[in-house]
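Below, each chain spelled out in residue letters.
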Amino acid sequence: WGTNPYSIRARPEAIIPRTKDARRTARKYRKILLAYNGSAEGKRALVECAELANFLGAETHLLAVASMPPSLFLTEGFVPEELLEEEKKRTQAVLDEGIANLKQQGFKATGHLAVGEPVEEICRLAKELSVDLIVVGHNQNTSFAARWWKGSVGASILDYAPCSLLVALSRS
C-alpha cells in the first residue's frame, strides 16, 4: 500500500485525511453505486469500492447493465427477444459473480440488473437510490480511437452523474 492520496494503490484511510472537516466529508458518502461489468477494470473498481465502503461504513449497490450493440438497432430496428434474454442472462451472471466476490470478502451489497444504455441506467439508478458516489472502472491504456469508437462510460458519465464519481484506474 502506498501513501500517495492520488495513487490507486493508496489505502482508503490514506485517501481521506483525518481532520475534522475530512471526516465530515467522508460521512457524506453513505451510499455507493458500483457500475460493474465483470471486466478487469470492473474488478479493480469492485475491490476499490469494497475497501472504500468498508472504511466509510457505506451502503453498497452493484449495477450491471444489459445492453445491445447499436448495430442491431440500425439493421433490425428492434432487438429480437431471444437476444435480449440471452444478454440479460449473461449480465445477471456477471452481477452474481460481483455479489459473490464481495460476499466472499465479507462485504454485503445489493445487486441491480438494468437493460438499456449504461450511462443512462447508471445515472437513473443513482438518482433513484439517492447515492452519494458512483464508482466505475477505466483502462487508461485504451487508445483514444478505441474509446471514441466504442464510447467510454467513464468519460460520458461525467456529464450526467447526479453525484460524485470515483474512477478506478486499471493499466492492463
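Everything below is about the structure printed above this text.
Calculation criteria
- Residues numbered from 1 in each chain as written.
- Predicted model: local features only at pLDDT ≥ 70, side-chain atom pairs only at ≥ 80, totals over all residues.
- Heavy atoms only, no water.
- Pairing = 2+ DSSP bridges.
- Helix = DSSP H or I, 4+ residues; strand = E, 2+ residues; numbered from the N terminus.
- Axes fitted to C-alpha atoms, helices over the stretch in contact; angles between N-to-C directions.
- Contact = heavy atoms within 4.5 Å.
- Expected span 1.5 Å × (residues − 1).
- Buried < 20%, exposed > 50% of the residue type's maximum accessible area, 1.4 Å probe, protein only.
- Parallel < 35°, antiparallel > 145°, perpendicular 65-115°, else oblique.
- Left-handed = near helix turned anticlockwise from the far one by under 90°.
- Nonpolar A, V, L, I, M, F, W, Y, C, P; charged D, E, K, R; others polar.
- Salt bridge = Lys/Arg side-chain N within 4 Å of Asp/Glu carboxyl O.
- Core = buried A, V, L, I, M, F, W, Y, C linked by side-chain atoms within 4.5 Å.

Novice: Before we move on, could you go through the sheet that holds strand 2 (residues 59-66) and cite the residues and values that matter?
Specialist: Neighbouring strands of a sheet are bound in pairs by backbone hydrogen bonds; such pairs are parallel or else antiparallel. Within the open sheet, the five strands sit side by side as 3-2-1-4-5. Their pairing is parallel. The open sheet terminates on both sides in strands that have one partner only, identified here as strand 3 (110-115) and strand 5 (164-170). Taking the axes of each pair of neighbouring strands and ignoring which way they run, one obtains an average angle of 25° across the sheet. Where strand 4 (residues 133-139) meets strand 5, seven bridges bridge the pair, whose relative direction is parallel. For His138, the partnering residue across the bridge sits in strand 5 and is Leu169. Its contacts with the sheet put helix 3 (residues 40-56) on strand 1 (31-35), strand 2, strand 4 and strand 5, and the angle it makes with strand 5 is roughly 125°.

Novice: I'd like a description of helix 6 (residues 118-129), backed by residues and values.
Specialist: In a regular helix each residue adds 1.5 Å, so twelve residues correspond to 16 Å; helix 6 covers 16 Å between its end C-alpha atoms and thus fits that length. Those residues of helix 6 that fall on the buried side of the exposure criterion are Val119, Glu121, Ile122, Cys123, Leu125, Ala126 and Leu129. Ser130 lies just past helix 6 and shows a positive phi near 55°.

Novice: Explain helix 5 (residues 81-104) residue by residue, including any values.
Specialist: Here helix 5 is 24 residues long and its end C-alpha atoms lie 34 Å apart, about the 34 Å a rise of 1.5 Å per residue gives. If you check which residues of helix 5 are buried, you get Leu84, Glu87, Thr91, Val94, Leu95, Gly98, Ile99 and Leu102. Its buried side turned inward, helix 5 meets helix 3, strand 2 and strand 3. A positive phi of about 90° marks Gly106, the residue just after helix 5.

Novice: Got a sec to walk through the packing of helix 3 against helix 5? Specific residues and values, please.
Specialist: Viewed as axis vectors pointing N to C, helix 3 and helix 5 meet at an angle of 40°, and their least axial separation amounts to 11 Å. Taken together, the axes of helix 3 and helix 5 are oblique relative to one another. Read as a crossing pair, helix 3 and helix 5 show a hand that is right-handed. Residues Lys43, Leu46 and Ala50 of helix 3 form the contact with helix 5, whose participating residues are Glu97, Gly98, Asn101 and Leu102. Taken together, the residues of the contact of helix 3 with helix 5 sort by class into three nonpolar, two polar and two charged.

Novice: Explain the pattern of salt bridges to me, using residue names and the numbers behind them.
Specialist: On inspection of all chains with the given rule, the structure shows six salt bridges. Between Arg44 and Glu48 there is a salt bridge, with its nearest N and O atoms 3.0 Å apart. Taken as a pair, Arg44 and Glu48 lie in helix 3 at a separation of four residues, close to a single helical turn. The exposure class assigned to Arg44 is partly exposed, which follows from its relative accessible area of 23%.

Novice: How would you explain the environment of Ala168 if you had to name every residue and give the values?
Specialist: You can see Ala168 is positioned in strand 5. Classification of Ala168 by relative accessible area gives buried; the value is 0%. Sequence-wise, Ala168 and Gly137 are 31 residues apart; in three dimensions their C-alpha atoms are separated by 4.7 Å. Not counting residues up to four positions away in its chain, the partners in contact with Ala168 are Arg44, Ala45, Glu48, Val136, Gly137 and His138.

Novice: Describe in detail the nonpolar core, supporting the description with residues and values.
Specialist: Core analysis: the biggest nonpolar cluster contains 22 residues, and Ile32, Leu34, Leu62 and Val135 have the highest contact counts within it. Looking at this core, the elements that each hand over two or more residues are strand 1, helix 3, strand 2, helix 5 and strand 4. For this core, the element with the most residues is helix 3, which contributes seven residues. Setting aside residues up to four positions removed in sequence, Ile32 forms contacts with Cys49, Ala53, Ala58, Glu59, Thr60, His61, Val131, Leu133 and Val135. Listed in part, the 16 residues of the second largest apolar core include Ile122, Ala126, Leu129 and Val136.

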